[in-house]
Every structure is written in structure tokens, then in C-alpha cells.
Amino acid sequence: MSGSPATPMFVDLTDPALEAIPQDLLPGVVVALCPGAPPESAAPWLDHATFTLSEEPTADRRVVQVDSIDSAVEAITENVRIRPVAAAVCDDVLRADSARAGTLSGLITESLAYSTLQAGPEFTGWLAGQGPREMHIQDDPVLLDRDGSSLAISFNRPARHNAFSNALRAGLIDALTVALADPTLDTVTLSGQGKSFCSGGDLTEFGTFTDPANSHLARTRHSPGLLLDAVAARLGPNFRARVHGAVLGSGLEMASFCPRVSAHPDTIFGLPELQLGLLPGAGGTVSIPRRIGRWRTAFLVLSGRRVDAGTALEWGLIDSIED
């Protein structure tokens, strides 16, 4: 085992002298390593680890297959070194098991952690290197198209790959409120105009709200995640997301609330928030672990890796691939 506050702890599951998990081991980024099938004695570490890296295919949601464990370790170590606080806080939130604790409590936990990071040195350092902040203004950021008992909701900012701005957020909230208020609707579909479903948060707006406490209240009192979850509870698999192109950050987080997600073969998925010194803040610590488990969710955040539609289908991040 090895590790420090700025680096993950690495545990070799093939080590015959592998010790039991110390009872006083505090939560932290723990990456288990196992080129082949993990031995039965390693089961407790599989549960405890942030995730386990393997070079063999596996259906175990606690384990991620990579081409090279050494290369993956190098990338993860560097990412955590650069953003150690955000990495540790993200690991804490995922270990809180918000996916099973209930959507509201999970979103509150996520938002409080997000606000903490907004006030921290890693995000403020990233922000200092950015250009002027600018709010996106648009009259029709989200389009609604009703056909009988079906409602299509579509992000409408194609020139920016539907970067999720406050204008898009407000439009989505309005659209989902309509979907919940109309009992004659039996099908709702979420999609995006242009080349991508949603490329994540609009980075030019990050930092326009300087009060993390009030930002937390805004995220939780006006939450697309809560509404997405409510529509999903009402309509079940008749609430669908059809995604394509870039499905990153908040785009992936929101789509994952939908009970059915189909993706074009060209789709790329990822969670790049760690680069900003943040964690997923649009409900992703709730919605994504429900689909793929906290371990693979943590891998997407800490590795910065983007996965294709085939991997997303194998993991259960999506339900089908459709042209």
C-alpha cells in the first residue's frame, strides 16, 4: 500500500501478504489493482476501494477494465495530485451512497460539497485563469413539441453543443414543470439540437455567482434533478433521453435520471469536473451511480476518461445504441 493526502492509496490485490482493511482507515481515494480476476480474499477491498483497475473484461461494477494498469495509475495519480481536495471530496460524496439515500437528500449532499469546492483554492485557481465571465441570454433555449400525448423537450443551443447555461436550466425547469402538470401526457423525450446532446456546463458562466451558500440554495430549490426524478417516477420507461455527440458533465448527469437512454453510435460520455476543482453538480452523484455504481462513477471523475457508446452500453450507462 502507498499513498498520501495528495495521492491515491494503491492496493495490490494479488499481493499474498495483503492485509485486512485497517479499522482506523479513514475514507479516501483508494485504487485497488488486479490485472486478472480478484482472489476471493480481496472481496472486502473491492467494496472499500474507490474503484479497482483490471486488464481483464468484467461485469463487476466495482472494477474497471483498462488497457494498461500502469498508464491508468499514472493518469489518475497526476489528476489527484493537481486537484487533491476535489478528488477527496468527490470520493466522500460517492461513499455517502447518495444514490440509495433518496434523491433529495443525495442532491443536498452533492450541492453542499459542490459549494464547499466553489469556495476552495482549486476552483478559484482555475477561475483565475479564465477569460471574462458572460451570461448566456436566449429567448428559446429549450424547445417543446407536443404530438398527442407525447412531449419532446430539446436543448436548443446548437452553436455551443448545448452547453448548459442558466438560460437552458430555466427552460428545462419550465418544460419539466409542464410535463408534471399535464396528466394527459404519457411519453416525454429529452434530446438536443445540433451536433451534441449537451457538452456540460457553460464554462463562461462559471464564477458569475460569487456566493456559494446562495448558490447551494438555488441548486436545491430550483433543481432540474428533482424534476427529472419526478417525471421518471411518474412515467417510468416512457421518459426517455436520446443522446448523441458530446454527453459530458451535466449532460450525462441529467440524461442518467431518465429510465431509458438511447445513444447514437458516435456518442462520447465523460465527467470532466475535476479539471475545474469541482465534482458533478447537476445530480450526477445520484443519477450515475444508480446506473453504473459509485466505483465506475468515481473512475470517470478521477481519471477524466471519456468512454464510447459501446462501453456505456456494457456498463449500463445507456440502454441501447440507435442510429
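Coordinates for the structure precede this section.
Small disclaimer: the values here were computed from a predicted structure and weren't measured.

Caption draft 1: Looking closely at unusual backbone geometry. At histidine 161, a residue that is not glycine, the phi angle is positive and equals roughly 50°. When you line up the elements, histidine 161 lands in the loop between β7 (150-155) and α7 (166-181). The backbone phi angle of asparagine 162 is positive, close to 55°, even though this residue is not glycine. Relative to the elements of secondary structure, asparagine 162 occurs in the loop between β7 and α7. Overall, the relative accessible area of 0% leaves asparagine 162 in the buried class.

Caption draft 2: Local environment of the pattern of salt bridges. Per the stated rule, a full pass over the model turns up nine salt bridges. Note that arginine 160 and aspartate 202 form a salt bridge whose closest N and O atoms lie 3.2 Å from each other. Taken together, the residues arginine 160 in the loop between β7 and α7 and aspartate 202 in the loop between β8 (187-192) and α8 (212-221) connect sequence positions 42 residues apart. Its relative accessible area of 35% is what places arginine 160 among the partly exposed residues. Aspartate 202 sits in the buried class, given a relative accessible area of 1%. Here arginine 290 and aspartate 229 are joined by a salt bridge, their closest N and O atoms 3.2 Å apart. Of the two residues, arginine 290 sits in helix α11 (residues 284-303) while aspartate 229 sits in helix α9 (residues 224-235), which places them 61 residues apart along the sequence. On the basis of relative accessibility, which here comes to 23%, the residue aspartate 229 falls in the partly exposed class. Each member of the salt-bridge network shares a partner with another, and the members are Asp47, Asp60 and Arg62.

Caption draft 3: Up close: the packing of aromatic side chains. With the rule as written, the count across this model stands at six aromatic pairs. Ring geometry for phenylalanine 51 and phenylalanine 299: centres 5.5 Å apart, planes at 90°, overall edge-to-face. Here phenylalanine 51, found in strand β4 (residues 51-54), pairs with phenylalanine 299, found in helix α11; they are 248 residues apart in sequence, far enough to count as distant. In this pair, the class of phenylalanine 51 matches that of phenylalanine 299, namely buried. Ring centres of tryptophan 126 and phenylalanine 206 lie 6.2 Å apart, and the angle between their planes is 70°; on these two criteria the pair is classed as edge-to-face. With tryptophan 126 in helix α6 (residues 121-128) and phenylalanine 206 in the loop between β8 and α8, this residue pair connects regions lying 80 residues apart in the sequence. On the basis of relative accessible area, tryptophan 126 is assigned to the buried category, the value being 12%.

Calculation notes
Each chain has its residues counted from 1, running along the sequence as written. Reporting in this predicted model follows two pLDDT cut-offs: at least 70 for local features of residues, and 80 or more for side-chain atom pairs to be given and counted; totals over whole chains, interfaces and linings ignore these cut-offs and use all residues. Each side-chain value is worked out from all heavy atoms of the structure, with water and hydrogens disregarded. The secondary structure listing takes helices from DSSP runs of H or I that are at least 4 residues long and strands from runs of E that are at least 2 residues long, numbered from the N terminus. Exposure is judged per residue with a 1.4 Å probe applied to protein chains only, and the accessible area is read against the type maximum: over 50% gives exposed, under 20% gives buried, and values in between give partly exposed. Definition used for salt bridges: Asp or Glu carboxyl oxygen within 4 Å of a side-chain nitrogen of Lys or Arg. Ring pairs are drawn from Phe, Tyr and Trp, using the six-membered ring of Trp, whenever the two centres fall within 6.5 Å, and their geometry is named by plane angle: stacked under 30 degrees, edge-to-face over 60, tilted for the rest.

Purely geometric stuff here, so don't read any function into it on its own.
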